[in-house]
Amino acid sequence: APPSPAVVIVGAGISGLAAAEKLHKHGFQNIKILEATGRTGGRIYTQKYAKGLVEIGAQWIHGPSPDNPIFQLASQFGLLSPDALLEENQKAYGNNHPSDMPVVYTSSGGNISAAALADIMGLFITWLEQARNFTNSRCGPEDSVGSFILQQIVNSSQEWDKELVDTNMALLRGLLNMECCVSGTHSMDYVALCPFGEYTMLAGIDCTFPTGFESLVNRIKAPLPSGMVVLNKAVKRIDWNGSFQGNDSHVYPVEVQCEDGDSFVADHVIVTVPLGFLKKQSADFFSPELPTSKMQAIKNLGFGTNNKILVEFEKPFWDPNTTLIQVLWEGDSPLIEPKEDLKQNWIRKLSIFVVLEPPAQLGHVLCGFIAGKEAEFMETLTYEEILSSMTDLFRRITGNPELPPPVSILRSQWYSQPYTGGSYSYVAVGSSGDDLDNLAEPLPTDKEALKPLQVLFGGEATERNFYSTTHGALISGRREAQRLIDRYPQLGVTASKAK
Ligand code: 6YU
């Protein structure tokens, strides 16, 4: 049998696991996955909470339809609810946004008519759609989705009734806050307009995993031999383009150095660490250093924070039909810069709560979303501070000073995770889709190199059309596995003969 090349995969998120699973299936026998933390799954992270399970990271299959490999696997493994498998659900477009209308609560305990809300939501959705259609029309490198939408707001507001202006502006600030969560950014002013439409929406109304997103991760890694995944093995540096003596008689081009002093020689290493980690570490993480164009891509692409605050109530204060709650902060407006004092004002960035289902299995749980610097500040607060902020918030918006405090809260802290450094990537002003492609380029770039494909790059931030998602991450892992499979065609033949 031909010798099996030594492959080291850095990171046991869905990208790294998908790469390993595919290589293993094609007959690669010498694979190690090195994972810095004590668990697999990375940004897919299901935890016990209230009476059931909640997602700390990825929550929905965005676009659950046959073109989405996460949907394919989930249905193949029988992990989805019958509703999610309905053909009509697979055909409709949800566009990564909750499809229901929120119920709006104002910060002084009032509410907003459904009609007023529908008008503003309609406008906002149209503007987002227009922003996505800029791909092939004229726009400048400095243009942002935020500046485009602001211009539409200014134009449109000329036609609003005077008495609606303040409410409409406050609603739009809330919708922009929610959009920051979708893009994983502090401000939509940071998100580049020209490439915004390159992100591809798949058909299907977003659905969740009744047994947790991590049940998919567990199914993907099930066929991998024990010992292939090494937990608590943080990689410190990747030495490439060298000659490293292995324990066998082989000389390898790559050596992976770990924080604990261990090292692994390899023919190929697939790096799937988050862009947030690369932003902090890339200067010391590779030796020799990455080419300038890759370093520029790492620096210029966006990687922001979207956090969750889960809030459990003894009894719901909301109506049983409510699926989404928007908080309207009176006095806020897209025309006014948010106040800088985060301690006083962080909570005003929290504009949207999803009512988690089903209450019979989970209890009465709201999942708030908050993005950007306010989300990063929130991570520094204690449990008690957040609980008290939540108690105040819900008392204010319900106008009920006696509302019992939440039973418990649970928040994510993606920014402070040393091996993640935020939530997911976006194409920032100053970068483009080419940067995502550039990140995916293997090293050495010289196609004629004696030892090609020494360092390969996977992870959600390397998928030009599907970045920021689990399906993007999965596709990226399989893509890099395919590069190696193509390089060793004889291995696949051996594997299929063996079956
Ligand atoms: C999705 C969703 N979703 C919410 C929140 C988050 C994310 N996503 P990993 O990080 O998983 O793995 C890398 C591993 O490497 C990790 O285990 C590290 O520990 C390890 N590592 C790092 N350094 C190392 C070292 N030195 N040595 C060894 N190991 C090391 N995606 O499909 N549906 O609902 C959400 C959401 C709060 C944080 C999400 C969602 C994103 C996915 O979670 C994420 O992309 C993948 O899991 C990443 O997998 P990976 O393997 O690449 O990395 C128009 C337009 C706009 C564009 N955006 C629209 C889409 C919106 C995205 N939506 C998100 C929404 C939610 C709620």
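The preceding data block contains the structure.
In what follows, the accompanying structure is described. Because the structure is predicted, anything quoted here is derived from the model rather than measured. (Residues numbered from 1 in each chain as written. Predicted model: local features only at pLDDT ≥ 70, side-chain atom pairs only at ≥ 80, totals over all residues. Heavy atoms only, no water.)

Notes on helix H13 (residues 383-398)
Between its first and last C-alpha atoms H13 spans 22 Å; for 16 residues at 1.5 Å apiece the expected length is 22 Å, and the two agree. Looking one or two places after H13, you find Gly-399, whose phi comes out positive at around 65°. (Helix = DSSP H or I, 4+ residues; strand = E, 2+ residues; numbered from the N terminus. Expected span 1.5 Å × (residues − 1).)

A closer look at the state of the cysteines
Tallying each qualifying case throughout the model produces 1 disulfide. Looking at Cys-181, it has no disulfide partner, and the nearest cysteine sulfur is the one in Cys-180, 6.9 Å off. Cys-367 takes part in no disulfide bond, and the closest cysteine sulfur to it belongs to Cys-181, at a distance of 9.7 Å. (Disulfide = S-S within 2.5 Å.)

Section: the nonpolar core
Counting 45 residues, the largest nonpolar core has Ile-149 and Leu-310 as its most contacted members. Elements with a minimum of two residues in this core: helix H4 (114-132), helix H5 (145-157), helix H6 (165-183), strand E16 (324-328), strand E17 (352-355) and strand E18 (364-371). If one sorts the elements of this core by residue count, H6 sits on top with 9 residues. Core analysis: the second largest hydrophobic core is formed by 39 residues, Leu-23, Ile-61, Leu-80 and Ile-270 among them. (Core = buried A, V, L, I, M, F, W, Y, C linked by side-chain atoms within 4.5 Å. Buried < 20%, exposed > 50% of the residue type's maximum accessible area, 1.4 Å probe, protein only.)

Some thoughts on the pattern of salt bridges
Within the structure shown, the criterion is met by 15 salt bridges. In this structure, the salt-bridge partner of Glu-129 is Arg-132, at a minimum N-O distance of 3.5 Å. One end of the pair, Glu-129, and the other, Arg-132, are both in helix H4, 3 residues apart, so they sit about a helical turn from each other. For Arg-132, a relative accessible area of 12% corresponds to the buried category. Close ionic contact of Asp-434 with Arg-464 constitutes a salt bridge, the shortest N to O distance being 2.9 Å. Placement of the pair is Asp-434 in helix H14 (residues 433-440) and Arg-464 in the loop between strand E21 (455-457) and helix H15 (470-487), with a sequence separation of 30 residues. A relative accessible area of 48% places Asp-434 in the partly exposed class. Residue classification places Arg-464 among the partly exposed positions, given a relative accessible area of 21%. (Salt bridge = Lys/Arg side-chain N within 4 Å of Asp/Glu carboxyl O.)

By themselves these figures say nothing about function.
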